[in-house]
Amino acid sequence: MSKLLANAPKLGEKKRMLDAHTKMAYSFLHYIRKSHLDRFHGVELGIIKREGFDKEEFEKLLLTGLGTLEDRQRLYLIAYLLDTEGEYEAVLQRCASAFEETPFPALAYIKHLRNWSLNETGPTNAELGAAQGFAWGLAQTLAKNIANTLGANAKSELPLTKLVDALLQDPAMSPRGGATARTMGGGSTLRAKLLETVVGYDPRTKKPVDLTDTHFSQAIVFTIGGGCVAEYDDLKAWETEHPRKAVSYGCTALLTGNKALRQLSLLGEGST
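Residues numbered from 1 in each chain as written. Predicted model: local features only at pLDDT ≥ 70, side-chain atom pairs only at ≥ 80, totals over all residues. Heavy atoms only, no water.

A. Local environment of the nonpolar core. Formed by 26 residues in total, the largest nonpolar core has its most connected members in Ile47, Phe58, Leu75 and Tyr76. Elements with a minimum of two residues in this core: helix H2 (37-48), helix H3 (55-63), helix H4 (69-82), helix H5 (89-95) and helix H6 (105-118). Sorting elements by how many residues they give to this core places H4 first, with eight residues. Of the residues that make up this core, three or more belong to each of domain 1 (8-102) and domain 2 (105-117 + 157-170 + 190-271). Once residues within four sequence positions are removed from consideration, Ile47 is found in contact with Gly52, Phe53, Leu75, Ile78, Ala79, Leu82 and Tyr88. In terms of nonpolar packing, the next biggest core, distinct from the first, is built from nine residues, Val164, Val221, Leu235 and Trp238 among them. (Core = buried A, V, L, I, M, F, W, Y, C linked by side-chain atoms within 4.5 Å. Buried < 20%, exposed > 50% of the residue type's maximum accessible area, 1.4 Å probe, protein only. Helix = DSSP H or I, 4+ residues; strand = E, 2+ residues; numbered from the N terminus. Domains from an automatic or database assignment. Contact = heavy atoms within 4.5 Å.)

B. Focus on helix H8 (residues 159-167). Along H8, the residues that are buried comprise Leu160, Thr161, Val164, Asp165 and Ala166. Tucked inside the fold, the buried residues of H8 contact helix H9 (190-195), strand E5 (218-228), helix H10 (229-241) and strand E6 (246-255).

C. How the structure looks around the confidence of the model for the protein chain. Averaged over every residue, the pLDDT of the protein chain is 78; the share at 70 or more is 76%. Within the protein chain, no element has a lower average pLDDT than strand E2 (residues 179-180), which sits at 41, and none a higher one than H3, at 94. Note that pLDDT drops below 50 for residues 173-188; the model gives that stretch 25 contacts with residues more than four away or on any other chain. (pLDDT = per-residue confidence, 0-100.)

D. How the structure looks around H3. Listed as buried for H3 are Glu57, Phe58, Glu59, Leu61 and Leu62. Looking at the buried positions of H3, the neighbouring elements they touch are H2, H4 and H5.

So this is what it looks like as structure tokens:
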């Protein structure tokens, strides 16, 4: 009995923490259901992974005004970007009326890029100045990369993950004694190119160390600027495939879908 009484404060604190976390969980669940985030996520995931486009649910979410305006705009943009073959065109046209009364500069900007990238014939060199010619090529690259990255069924590593993969590769010796990894142009390896930007010192001798043949098992990735959950998830997915490697990820700011939408909106406002 005395032992039970002695543990009473500790048990009371555990109950208080459990009640607090349970209340938070119910609050999150209530918000998700109230804002229909689970339904938005389901439709978005089906489009992105090419697992099927739930047209009925898509129209219901957009035309009945469910969720926030940002949620509806994000869903519409995802479908618009991935409709490279006109499969969703009829549904997109029907749902466009949902945004007639509110500005949608992000869509205007994406249309601007998509029209450039999907047209079979573009402006000729005679019709374009140097700056316009550069913008034409950039627009094609941006729009195609966005659609290809979002809609790919096959696993596609993000650029940041590819850099980490190259750095943490165990160097295999070539016949000439050099390290072979993912090759870049000019016969140099990506790993070697990256290591050219790094200087290593032996703390005991305080002399430079050749890192070419060094085996790295850990990496700390820190982004100065905007990072995102997609980069973190991709790095962790890579980590699970390489049991002897460890990667930590950090950033000065974590970007969200709404922040990306605001950036596209700013670009759209600036291009009009």
